[in-house]
Amino acid sequence: MIRLSGTKHLLGHRLWIKDFPEPVSQIQTSYLIVGGGISGLSAARQLTKRGISDFVLVEMEGHLGGNSSNGENQYSKYPLGAHYLPLPNFQDKELLNFLEEEKIILSYDTKGFPVFDELQLTFAPDERLFYKNSWQEGVVPKEGNSKAEEEELVAFFKLMDTFRAGKGQDGKYLFDIPLYLSSTDENSRSLDKITMKEWFVKNNFTSEPLFNYIDYCCKDDFGLGIEYVSAWAGIHYFAGRKQDVTSDKIESVLTWPEGNARLTSHLKRYSKDKALKNHLVYELKIENNKVIAKTFDDHKKTTVAIVADKVIMATPQFVNQYILKERKQYAKEFHYAPWLLATLVVSDLGDNFSFPLSWDNVIYGAKGLGYVYDQHQSLNQVQSKKVITYYYSFSGPDLKKTRKEIHKKKTDYWKQMVFDDLKMAHPDIESVTEEMNVFVLGHGMISPVPGFIFGEAKKQASKSIENRVYFAHTDLSGISIFEEAFHQGVNVVNQILDETTLDS
């Protein structure tokens, strides 16, 4: 059985032509949050934390969570996007508090380090790589490298350690999470002007295994590979996380069968009975110190006018450009990589390899990023069928053109592409697959090309309009990770309420 699904792009595309009916009813609220992804849900949480309950959240999809959503079959839940959260930095108290509230952090030890719920940390074995015709532990190519290749890997990671610990003259880390905490040091920021490949060459690296590993990492966090992504962003992947939140400095991630949809489920409770799903805001106007949001109800096929004192646009800029005309000039500088996910139900994966099935399974030289084993966190380790989710990012020089081509392809095309890629490590994958669900994201994540992270377009797109309309989204950070989305929501609410306090 093969199924093809995706986001409600057809409804979203109606923003272009605005063929919506005029409002037939009205809703009054103090705060309107547009967008039910992690940034919007985090904003709802922060409003609640600061004692505000008069708000409404609207979301175009029939569910909340954005890229942190999930599907489910009879054997397992599975992610439809982001699927893990690395252990946060020790100084990120806001995020640590959230994880403590949700019983992901159970306590703190005598040294003040958080104690994470072991059932939510990745079980061993957590990573493996299919390299030179066999599986090996970890995703960094190790066994079978030449001496020169091994020396380059060691040199690269030593350099990343230097970047991780490095600070600017302002006393801030050169690379930090959330990104806005990073130093304004001009030497490090100049890395945003070149690609990661250019940095690789300038630093006299030549190793193919190292090149492929960095390419994989860039695609993993940015959707774009080493040839297209900013060198600052590429180094941030390795240097932004300080590995300092546990006393033994372990590198681990928090993960669940449904991926980061588990975190969505925790955040959703703050907008319970306040969320309008299947609702699309298609026009905003400021009149008489109020913001009027014309909002289409896709179920009732009617429009409601939501009148708010303040609006938080927790939506990406490719959406905002059709709701607010003045935003179109900035939106063209924002690049979003498309993604494809395929969840397969298989009867066998040939577990008798040199290294066992792991949570993350990467295939060296493949077009995609490998697959996660969705049942890996289950305490029941004997599964009648195995459920895996394959990831593929459409990296390339013309993402707009790629997006158009994606929507022309049929289900059989994607099915065969997935099979052909997985056959490198699993030659019989086609015969053992009983079901495949393909999920396509046309605008999967913000992709930081050179000049974007510290560029003018992102800066201008972040500015509020008349202290009435505010913006929060990972594309305003420049890196699409959970931490950035979470802090975007927190920060925008704090900005609004702090400005209100000053005005009064």
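Let me sum up the structure you'll find in this document.

Moving on, we come to the overall build of the chain. Within the chain, the regular secondary structure consists of 16 helices and 21 strands. In terms of C-alpha radius of gyration, the chain reaches 23 Å, essentially the compact-globule figure of 23 Å for 504 residues. Scored against the burial criterion, the 504 residues of the chain give a buried share of 59%. A separation of at least 24 residues holds for 71% of the contacts in the chain among residues at least 6 apart in sequence. Carbon and sulfur atoms make up 49% of the accessible area of the chain, which totals about 21,700 Å². The average position of the 59 basic charges and that of the 67 acidic charges among the side chains of the chain differ by 5 Å.

A word on the nonpolar core. Counting 87 residues, the largest nonpolar core has Leu 32, Met 196, Trp 199, Ile 235, Leu 284 and Phe 334 as its most contacted members. Setting aside residues no more than four positions away along its own chain, Leu 32 makes contact with Val 56, Val 58, Ala 293, Ile 306, Ala 308, Lys 310, Val 311 and Ile 312. The next biggest cluster of nonpolar side chains, apart from the first, holds 38 residues, and it includes Leu 41, Leu 57, Ile 312 and Phe 486.

It is worth spelling out empty space enclosed by the protein at this point. Evaluation of the coordinates by the stated rule reveals one cavity of 30 Å³ or more. By volume, the largest cavity is sized at about 50 Å³. Pro 79, His 83, Thr 255, Trp 256, Pro 257, Gly 259, Trp 359, Val 372, Tyr 373, Asp 374, His 376 and Gln 377 together form the lining of the largest cavity. A breakdown of the residues in the lining of the largest cavity according to their chemical character gives six nonpolar, five polar and one charged.

The next subject is the side chain of Asp 176. Relative to the helices and strands, Asp 176 resides in the loop between helix 4 (147-165) and helix 5 (186-189). No salt bridge forms around the buried Asp 176; measuring N to O, its nearest opposite-charge neighbour Lys 242 is 5.1 Å away. Within the structure, the side chain of Asp 176 is placed 3.4 Å from the side chain of Asn 89, a separation counted as a polar contact. Once residues within four sequence positions are removed from consideration, Asp 176 is found in contact with Asn 89, Gln 91, Leu 181, Ser 182, His 236, Gly 240 and Lys 242.

On to the state of the cysteines. Under the definition given, this model contains zero disulfides. In this structure Cys 217 is a free cysteine whose sulfur lies 7.0 Å from that of Cys 218, the closest cysteine sulfur available.

What follows is about the pairing of strand 13 (residues 279-287). Note: strand 13 against strand 14 (residues 290-297), eight bridges, orientation antiparallel. Bridging from a neighbouring strand, Lys 285 pairs with Ile 292 of strand 14. Taking the residues between adjacent antiparallel strands as the criterion, strand 13 and strand 14 are bridged by two residues, where Asn 288 takes a positive phi near 55 degrees.

Moving on: the layout of surface pockets. In this approach a probe as big as a water molecule rolls over the atoms, and the regions it shows empty are the leftover space. Its boundaries defined by the atoms lining it, the second largest pocket holds a volume of some 600 Å³. Along the wall of the second largest pocket there are 23 residues; nearest its centre are Tyr 180, Lys 458, Ser 462, Leu 476 and Gln 488. Those elements giving two or more residues to the lining of the second largest pocket turn out to be helix 15 (456-461) and helix 16 (482-503). With six residues, the single largest contributor to the lining of the second largest pocket is helix 16. Of the residues belonging to the lining of the second largest pocket, the class tally is eight nonpolar, nine polar and six charged.

What follows covers the packing of aromatic side chains. Within this structure, the stated rule accounts for 29 aromatic pairs. Measuring from centroid to centroid gives 4.4 Å for Phe 20 and Tyr 282, while their planes differ by 20 degrees, and the two rings are stacked. Of this pair, Phe 20 sits in the loop between helix 1 (9-13) and strand 2 (23-34) while Tyr 282 sits in strand 13; the two residues are 262 residues apart in sequence, bridging distant segments of the chain. Comparing Phe 20 with Tyr 282, the two get one shared label, buried. With 5.1 Å between their ring centres and 85 degrees between their planes, Phe 156 and Phe 238 make a pair best called edge-to-face.

A packed helix pair is summarised by two numbers, namely the angle formed by the two axes and the spacing between the axes. At a minimum axis separation of 10 Å, helix 7 (residues 208-222) and helix 8 (residues 231-239) run at an interaxial angle of 90 degrees. It follows from the interaxial angle that helix 7 and helix 8 lie roughly perpendicular. Listed contacts from helix 8 to Tyr 213, Cys 217, Cys 218, Asp 220, Asp 221 and Phe 222 of helix 7 are Ala 233, Gly 234, Tyr 237 and Phe 238. A class-by-class count of the residues in the contact of helix 7 with helix 8 yields seven nonpolar, one polar and two charged.

With that settled, the discussion passes to a positive patch on the surface. A contiguous patch of positive charge on the surface is contributed by Lys 400, Lys 404, Lys 408 and Lys 409. In this fold, Lys 404 is placed in helix 12 (residues 399-406). Accessibility expressed as a relative area gives 55% for Lys 404, which makes it exposed.

With an omega dihedral of -5 degrees, the bond running from Ala 124 to Pro 125 counts as a cis peptide bond. Mapping Pro 125 onto the fold places it in the loop between strand 8 (114-116) and strand 9 (127-131). A cis amide bond links Ile 177 to the next residue, Pro 178, at an omega of 0 degrees. As for its placement among the helices and strands, Pro 178 is situated in the loop between helix 4 and helix 5. In this model, Asn 204 sits at a positive phi of 60 degrees, which is unusual for a non-glycine residue. One non-glycine residue with positive phi stands out, namely Lys 301, at about 60 degrees. Position of Lys 301 among the secondary structure elements: in the loop between strand 14 and strand 15 (302-313).

A word on the environment of Ile 479. Mapped onto the elements, Ile 479 comes out in the loop between strand 21 (469-471) and helix 16. Relative accessible area serves as the criterion here: at 1%, Ile 479 is assigned to the buried category. The spacing of Ile 479 and Leu 497 is 18 residues in sequence and 26 Å in space, taken between C-alpha atoms. Beyond its immediate sequence surroundings of up to four residues, Ile 479 is in contact with Leu 179, Phe 222, Trp 232, His 236, Ile 446, Ile 453, Thr 474 and Glu 484.

Rules used throughout
- Residues numbered from 1 in each chain as written.
- Predicted model: local features only at pLDDT ≥ 70, side-chain atom pairs only at ≥ 80, totals over all residues.
- Heavy atoms only, no water.
- Helix = DSSP H or I, 4+ residues; strand = E, 2+ residues; numbered from the N terminus.
- Rg over C-alpha atoms; globule rule 2.2 N^0.38 Å.
- Buried < 20%, exposed > 50% of the residue type's maximum accessible area, 1.4 Å probe, protein only.
- Contact = heavy atoms within 4.5 Å.
- Areas by Shrake-Rupley, 256 points an atom, 1.4 Å probe, with all protein chains shown as cover.
- Lys, Arg positive; Asp, Glu negative; His and termini not counted.
- Charge placed at Lys NZ, Arg CZ, Asp CG, Glu CD.
- Core = buried A, V, L, I, M, F, W, Y, C linked by side-chain atoms within 4.5 Å.
- 1 Å grid on protein atoms, 1.4 Å probe; cavity = no way out; pocket = protein on both sides within 12 Å on 5 of 7 lines; lining within 4 Å.
- Points joined across faces, edges and corners; volume = space filled by probe spheres on them.
- Nonpolar A, V, L, I, M, F, W, Y, C, P; charged D, E, K, R; others polar.
- Salt bridge = Lys/Arg side-chain N within 4 Å of Asp/Glu carboxyl O.
- Polar contact = N/O pair within 3.5 Å; in protein donor to acceptor, adjacent residues only side chain to side chain.
- Disulfide = S-S within 2.5 Å.
- Pairing = 2+ DSSP bridges.
- Phe/Tyr/Trp six-rings, centres within 6.5 Å; stacked < 30°, edge-to-face > 60°.
- Axes fitted to C-alpha atoms, helices over the stretch in contact; angles between N-to-C directions.
- Parallel < 35°, antiparallel > 145°, perpendicular 65-115°, else oblique.
- Patch = residues over 30% accessible without salt bridge, like charges linked within 9 Å, V, L, I, M, F, W, Y side chains within 5 Å.

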